[in-house]
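What follows is each chain in one-letter form.
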Amino acid sequence: MAWTEERVETLKKLWAEGLSASQIAKELGGVTRNAVIGKVHRLGLSGRAAPSRPTRRVVSKPAAKPRRTPNAPARSKPAAAKSAPAPAPRPAPVEAARLPNGEYATVLTLRESMCKWPIGDPADATFRFCGRKASPGGAYCEAHAEMAYQPQSKRKRKPTDDARAVLDSLQATRRVNF
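Each value, and the rule that gives it
Residues numbered from 1 in each chain as written. Predicted model: local features only at pLDDT ≥ 70, side-chain atom pairs only at ≥ 80, totals over all residues. Heavy atoms only, no water. Helix = DSSP H or I, 4+ residues; strand = E, 2+ residues; numbered from the N terminus. Buried < 20%, exposed > 50% of the residue type's maximum accessible area, 1.4 Å probe, protein only. Contact = heavy atoms within 4.5 Å. Areas by Shrake-Rupley, 256 points an atom, 1.4 Å probe, with all protein chains shown as cover. Core = buried A, V, L, I, M, F, W, Y, C linked by side-chain atoms within 4.5 Å. Salt bridge = Lys/Arg side-chain N within 4 Å of Asp/Glu carboxyl O. Phe/Tyr/Trp six-rings, centres within 6.5 Å; stacked < 30°, edge-to-face > 60°. Lys NZ or Arg CZ within 6 Å of the ring centre and 35° of its normal.

*Asks:* How would you summarise the overall build of the chain if you had to cite specific residues and measurements?
*Replies:* The helix and strand tally for the chain stands at five helices and two strands. Start at the N end of the chain and walk to the C end: the helices and strands fall as α-α-α-β-β-α-α. Across the 178 residues in the chain, those meeting the buried criterion constitute 19%. Contacts in the chain between residues far apart in sequence, at least 24 positions, make up 46% of those at least 6 positions apart. Carbon and sulfur atoms provide 55% of the accessible area of the chain, an area that totals close to 14,800 Å².

*Asks:* Describe the nonpolar core, naming the residues involved and giving the relevant values.
*Replies:* Soluble globular proteins: nonpolar side chains tend toward being buried together. Of all hydrophobic cores here, the largest spans 10 residues; its members are Leu11, Leu14, Trp15, Ala21, Ile24, Ala25, Leu28, Val31, Val36 and Val40. Of all the elements in the fold, those that place two or more residues in this core are helix 1 (5-17), helix 2 (21-28) and helix 3 (33-43). Top element by residues in this core is helix 2. It accounts for four residues. Residue contacts for Val36: discarding those within four places in its chain leaves Trp3, Leu11, Ala21, Ile24, Ala25 and Val31. Core analysis: the next-biggest nonpolar cluster, separate from the first, contains seven residues, Ala96, Cys115, Ile119 and Cys130 among them.

*Asks:* Outline the pattern of salt bridges, listing residues and values.
*Replies:* Tallied over the full model, the rule gives two salt bridges. Linking Glu9 and Lys12 is a salt bridge whose minimum nitrogen-to-oxygen distance equals 3.9 Å. On the criterion of helical spacing, the pair formed by Glu9 and Lys12 is a turn pair, its members being three residues apart in helix 1. Classification of Glu9 by relative accessible area gives partly exposed; the value is 44%. Judged by relative accessible area, which is 32%, Lys12 ranks as partly exposed. Note that Lys13 and Glu17 form a salt bridge whose closest N and O atoms lie 3.8 Å from each other.

*Asks:* Just give me the short version of the packing of aromatic side chains, but keep the residues and values in it.
*Replies:* Working definition: an aromatic ring pair is given by the centre-to-centre distance plus the angle between the planes. The full count for this structure, using the stated rule, is three aromatic pairs. Judged by centre distance (5.3 Å) and plane angle (75°), the ring pair of Trp117 and Tyr140 falls under edge-to-face. Of this pair, Trp117 sits in the loop between helix 3 and strand 1 (118-119) while Tyr140 is found in the loop between strand 2 (128-129) and helix 4 (142-148), placing the two residues 23 residues apart along the sequence. Assessed through its relative accessible area of 22%, Trp117 is described here as partly exposed. Between Tyr140 and Tyr149, the ring centres sit 5.9 Å apart and the planes meet at 45°, which makes this aromatic pair tilted. These aromatic residues form a ring-pair network of at least three members: Trp117, Tyr140 and Tyr149. Above the face of the Tyr104 ring, Arg128 is positioned so that its terminal group lies 4.0 Å from the ring centre.

What follows is the structure, encoded as structure tokens:
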């Protein structure tokens, strides 16, 4: 199929009307979407009309509602903030053990009974694994298992108000971006 003057004029007209390359290819017949795109670029066409899009609904932010019940007394800060327990000191990092040949454990030398705690930057030549004796059925030695597996009560939880503020900010961002 050759691009005749008549077909080029039709292409220009349809492009200016805002039709997609696929729609123009169907209208012209005998050409592909990519052929239309290539011709548009070779002709240097631009300034096409924006295709009609459905109008976006503007979502208004709901008014903030107070969270307390009418009979509940107002409180300042929670009492837990006054007597927060001091965090338990973290165990000191355990240095990697050397293998009998004097080298450190690597991916190739790790065995099932060895601690698989990574030490250092994987992109660095000095990267290694702990290599000490792992707990039976576990992946880490005792010291690294304490660091890896923390009981539920030790984890810090954000107060409800902070979580609500984070969720509200995410929701507001979602409204702006989409």
